[in-house]
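# Coordinate analysis (summary)
Listed below, chain by chain, are the residues.
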Amino acid sequence: MEGPELQSIVSENQSLTIGEILDVAFQVAEGLAYAHEHGVVHRDIKPSNIMVLRGKHVKIADFGIARMESALWHTQAGQNIGSPLYMSPEQIQSHSIDARTDIFSFGVVLYQMLTGKLPFKGDNLNSVWYQIVNEEPQKPSSLNPEIPEMLDMIVAKCLAKKPEDRYPNANELAGDLHSCRIMLSLAITGADHHSHYFESREAPHVGKITKLQLIGIIVLTALVSIGLFEFFDLLFIGRLHE
């Protein structure tokens with residue numbers, strides 16, 4: 001496959017728009033949904049396992065430690081499989097896992113794409129794992145104000161500590177990402193439309209008024225006012241004589 005790993009795009013701080021991030025994220029979610037529908041859990045979702053091919057076509061790679069979901073409930077105690085920075089709480093605690101562990105890892109990747117930072121970080125692995133299990137990360141929008149509130153909510157749902165509080169499946173996740181992309185497109189289109197609306201109705205250009213012109217206008221206004229005053233005064237006096 002010809003194309004960079006998502007890791008290189010993130011690490012090199014290549015500027016992806018929110019729309020482009022949503023396009024990549026949606027394709028990853030769809031890929032996970034397909035795998036999960038066939039009973040396969042990846043267990044190691046991270047940027048270096050996501051390929052961005054020509055035309056922003058996305059592929060999920062390295063299913064080397066993937067397992068059939070039916071076998072995951074029998075993971076041996078103390079067996080941690082996956083990349084430490086992207087592990088779910090249940091992976092760290094050696095609990096039984098299912099497709100929702102991929103959704104948590106995906107949430108870490110999405111957070112990193114949106115902010116350029118990991119949601120959980122520390123001086124050592126134990127510190128990172130403690131945060132993953134116990135602490136809530138900052139909202140992505142607090143680090144990148146361009147991120148809409150709906151994306152904050154999607155990330156938070158992916159990163160829920162308890163599997164039952166996450167998306168129940170990747171199809172629902174993909175649906176929310178698609179809805180967010182549509183809303184973002186409508187917002188941009190609407191802003192452009194209104195901008196053009198007002199641009200097309202701008203007042204014609206008027207040159208700056210000079211001081212001499214301003215004085216002339218003031219004098220003319222005063223003369224007109226005096227004239228009108230004299231006119232009405234004479235008219236009123238005339239009616240009194242009658």
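Thresholds, definitions, all that
- Residues numbered from 1 in each chain as written.
- Predicted model: local features only at pLDDT ≥ 70, side-chain atom pairs only at ≥ 80, totals over all residues.
- Heavy atoms only, no water.
- Helix = DSSP H or I, 4+ residues; strand = E, 2+ residues; numbered from the N terminus.
- Buried < 20%, exposed > 50% of the residue type's maximum accessible area, 1.4 Å probe, protein only.
- Areas by Shrake-Rupley, 256 points an atom, 1.4 Å probe, with all protein chains shown as cover.
- Pairing = 2+ DSSP bridges.
- Core = buried A, V, L, I, M, F, W, Y, C linked by side-chain atoms within 4.5 Å.
- Contact = heavy atoms within 4.5 Å.
- Salt bridge = Lys/Arg side-chain N within 4 Å of Asp/Glu carboxyl O.

## Things to note about the overall build of the protein
Tallying secondary structure elements over the protein gives ten helices and four strands in all. Listing each helix as α and each strand as β along the protein from the N terminus yields α-α-β-β-β-β-α-α-α-α-α-α-α-α. Counting over 242 residues, the protein shows a buried share of 36%. For the protein, the accessible area works out to roughly 14,700 Å², and carbon and sulfur atoms hold 58% of it.

## Focus on the pairing of strand β3 (residues 57–60)
Every second residue of β3 is oriented toward a common face, the buried set being Val58 and Ile60 and the non-buried set His57 and Lys59. With four bridges connecting them, strand β2 (residues 50–53) and β3 associate as antiparallel partners. Bridged to valine 52 within β3 is valine 58. Between the antiparallel neighbours β2 and β3 lie three residues, among them glycine 55 with a positive phi of about 80°.

## Topic: the nonpolar core
If you look at the biggest cluster of nonpolar residues, it comprises 48 residues, and the most contacted ones within it are Phe106, Leu110, Met113, Leu151, Ile154, Leu173 and Leu177. Listing elements by their share of this core, those giving two or more residues are α1 (6–11), α2 (18–37), β2, β3, α5 (100–115), α6 (125–134), α8 (149–158) and α9 (170–200). When near neighbours in sequence (up to four residues on either side) are disregarded, leucine 173 contacts Ala29, Ile103, Phe106, Ile154, Cys158 and Tyr167.

## Focus on the pattern of salt bridges
A complete count under the given rule lists four salt bridges for this structure. In this structure, arginine 166 engages glutamate 90 in a salt bridge whose closest nitrogen and oxygen atoms are separated by 2.7 Å. On the criterion of sequence distance, the pair formed by arginine 166 in the loop between α8 and α9 and glutamate 90 in helix α4 (residues 89–92) is long-range, its members being 76 residues apart. Glutamate 90 carries the same exposure label as arginine 166, and that label is buried. One salt bridge connects aspartate 98 with arginine 100, and the closest N-O pair in it is separated by 2.7 Å.

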